[in-house]
Amino acid sequence: QVQLVESGGGLVQPGGSLRLSCAASGNIVSIYRMGWYRQAPGKQRELVAAITNGGSTNYADSVKGRFTISRDNAVHTAYLQMNSLRPEDTALYSCNAYLSSTTTAWAMDYWGKGTPVTVSS
């Protein structure tokens, strides 16, 4: 079974930084894309940042210049470095991976349970 486990969330003051990690485990063959999504109370889930296995990235306009996504393919882990955090960044941050495994004939999306981020003074 494939699992995604996020870590690194917490409470931070405005202007502060956090680094989120997403570790994928299980019978993984190849991870094509990893991404971070967030959902604030009362709002729809939105894409924050994504990265392909080739290193191409894309970001939500609201986080460009402040957040950086990266990944370590050797350990199936993605990271989200979040700087200059704002109260509006408060949300549950979830990891997504589009990957192939030994148990399915095609690539699928997998999700972690999320890690909460609260930006408040």
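Residues numbered from 1 in each chain as written. Predicted model: local features only at pLDDT ≥ 70, side-chain atom pairs only at ≥ 80, totals over all residues. Heavy atoms only, no water.

**Looking at the pairing of strand S11 (residues 115-119)**
Phase 1 of the analysis: Only one face of S11 is covered, namely the one carrying Thr115, Val117 and Val119; the face carrying Pro116 and Thr118 has none of its residues buried.
Phase 2 of the analysis: Where strand S2 (residues 10-12) and S11 come together, three bridges link them in parallel fashion. By the bridge assignment, Leu11 is partnered in S11 with Thr118.
Phase 3 of the analysis: Bridge count for strand S9 (residues 91-101) against S11 is three bridges, and the pairing is antiparallel. Following the sheet pairing, Tyr93 is matched in S11 by Thr115. (Buried < 20%, exposed > 50% of the residue type's maximum accessible area, 1.4 Å probe, protein only. Helix = DSSP H or I, 4+ residues; strand = E, 2+ residues; numbered from the N terminus. Pairing = 2+ DSSP bridges.)

**Here's the deal with the side chain of Arg71**
Phase 1 of the analysis: Relative to the assigned elements, Arg71 resides in strand S7 (residues 67-72).
Phase 2 of the analysis: As a buried residue without a salt bridge, Arg71 has its nearest oppositely charged side chain in Asp72, at a separation of 8.1 Å.
Phase 3 of the analysis: Here the side chain of Arg71 touches Ile31 through a polar contact of 3.0 Å, landing on its backbone oxygen.
Phase 4 of the analysis: Side-chain polar atoms of Arg71 contact the side chain of Asn73, separated by 2.5 Å.
Phase 5 of the analysis: Filtering out sequence-adjacent residues up to four positions away, Arg71 remains in contact with Ile31, Tyr32, Arg33, Met34, Ile51, Thr52, Asn53, Thr77, Ala78 and Tyr79. (Lys, Arg positive; Asp, Glu negative; His and termini not counted. Salt bridge = Lys/Arg side-chain N within 4 Å of Asp/Glu carboxyl O. Polar contact = N/O pair within 3.5 Å; in protein donor to acceptor, adjacent residues only side chain to side chain. Contact = heavy atoms within 4.5 Å.)

**Things to note about the environment of Glu6**
Phase 1 of the analysis: On the secondary structure map, Glu6 appears in strand S1 (residues 3-7).
Phase 2 of the analysis: For the pair Glu6 and Pro116, spaced 110 residues apart in sequence, the C-alpha to C-alpha distance is 9.7 Å.
Phase 3 of the analysis: When near neighbours in sequence (up to four residues on either side) are disregarded, Glu6 contacts Ser21, Cys22, Trp36, Tyr93, Ser94, Cys95, Gly112, Lys113, Gly114 and Thr115.
Phase 4 of the analysis: From its side chain, Glu6 meets the backbone nitrogen of Cys95 in a polar contact 2.8 Å long.
Phase 5 of the analysis: From its side chain, Glu6 meets the backbone nitrogen of Lys113 in a polar contact 3.2 Å long.

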